[in-house]
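# Understanding the architecture of this molecule
What follows is the residue order along each chain.
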Amino acid sequence: MKRYAHSIVLLVAWLLAGAGAHAAGLAVIVHASSNVEAMTREEVSHLFLGRIKTLPSGESAVVLDCLPQRDAFYRSLVGRGLPEINAYWARLRFAGRTQPPEQLPDGRAVLERVASEPGAIGYVDPVLIDRRVRTVLKLDY
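Throughout what follows, the structure given in this document is the object of discussion. This is a predicted model, so every value here is computed, not measured. Counting starts from 1 at the beginning of each chain's written sequence and moves along it residue by residue. Note on the predicted model: pLDDT of at least 70 is required for a residue's local features to be given, and 80 or more for side-chain atom pairs to be given and counted; whole-chain, interface and lining totals, by contrast, use all residues. Only hydrogens and water are set aside; all other atoms, that is, all heavy atoms of the structure, feed into the side-chain values.

## What to know about the overall build of the protein chain
Here is the rule we go by: The secondary structure listing takes helices from DSSP runs of H or I that are at least 4 residues long and strands from runs of E that are at least 2 residues long, numbered from the N terminus. Here the term buried applies to any residue with accessible area under 20% of the maximum for its type, exposed to any over 50%, and partly exposed to those in between, with areas from a 1.4 Å probe on protein chains only. Here the accessible surface of atoms and residues is derived via Shrake-Rupley with a 1.4 Å probe, and residues count as covered only by protein chains that are part of the display.
Across its full length, the protein chain holds five helices and five strands. Along the protein chain, from the amino end to the carboxyl end, the secondary structure elements read α-β-α-β-α-α-β-α-β-β. Within the span of the protein chain, comprising 141 residues, buried residues form 38% of the whole. Surface summary for the protein chain: the accessible area is close to 8,400 Å², and the carbon and sulfur share equals 57%.

## Observations concerning the nonpolar core
Selection criterion: The nonpolar core is taken to be a set of buried Ala, Val, Leu, Ile, Met, Phe, Trp, Tyr and Cys residues, with the residues joined through side-chain atoms within 4.5 Å. Contacts between residues were defined by any pair of non-hydrogen atoms, one from each residue, lying within 4.5 Å.
Val 28, Val 44, Leu 47, Phe 48, Phe 73, Ile 121 and Tyr 123 are the most contacted members of the largest nonpolar core, which has 37 residues in total. At the level of elements, strand E1 (25–31), helix H2 (41–48), strand E2 (62–66), helix H3 (70–78), helix H4 (82–94), helix H5 (107–116), strand E4 (120–124) and strand E5 (133–140) are the ones that each hand at least two residues to this core. Here this core takes five residues from E1, the largest share from any one element. Among residues more than four places away in sequence, those in contact with Ile 121 are Val 28, Ile 29, Val 30, Met 39, Leu 47, Phe 48, Leu 55, Val 62, Val 63, Leu 64 and Val 114.

## Thoughts on the pairing of E1
Heads up, the condition is: A pair of strands counts as paired when DSSP detects no fewer than two bridges linking them.
Of all seven residues in E1, seven are buried, a share of seventy percent or more. When E1 meets E5, the two strands line up antiparallel, connected through seven bridges. Paired with Ile 29 across the strands is Thr 135, a residue of E5. The pairing of E1 with E4 spans four bridges and is classified as antiparallel. The residue of E4 that forms the bridge with Val 30 is Ile 121.

Geometric descriptors of this kind do not, in isolation, establish any biological role.
In structure tokens, the structure reads:
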């Protein structure tokens, strides 16, 4: 019985430690060779809302949305849900001012695109990140 209780305690401790390691969040990523080391929330929001077209390094930005995580991203970044974000982009498109970020089907597609295109910026689940990209901002949700 004592051994069983000890095993339960270890299992619970392991599960709690794992829960902290997998906290919900997103990583904003750029190409590994980019001169951009880090970005502020404000810089990222300006890029993803079409207010600026270049990375802080001066390089033209290719902005990529990840469809499954789009709502969580915008809620975390600017505190707005998809209905508000979609209405925002509809107004800008109607006025002919700018185009929204390109939408990709999943995090792997975003990772591959950012890894292959130096000016690209996107967001993914941090577990997908590899050495081909650099995290410039972490967002919790």
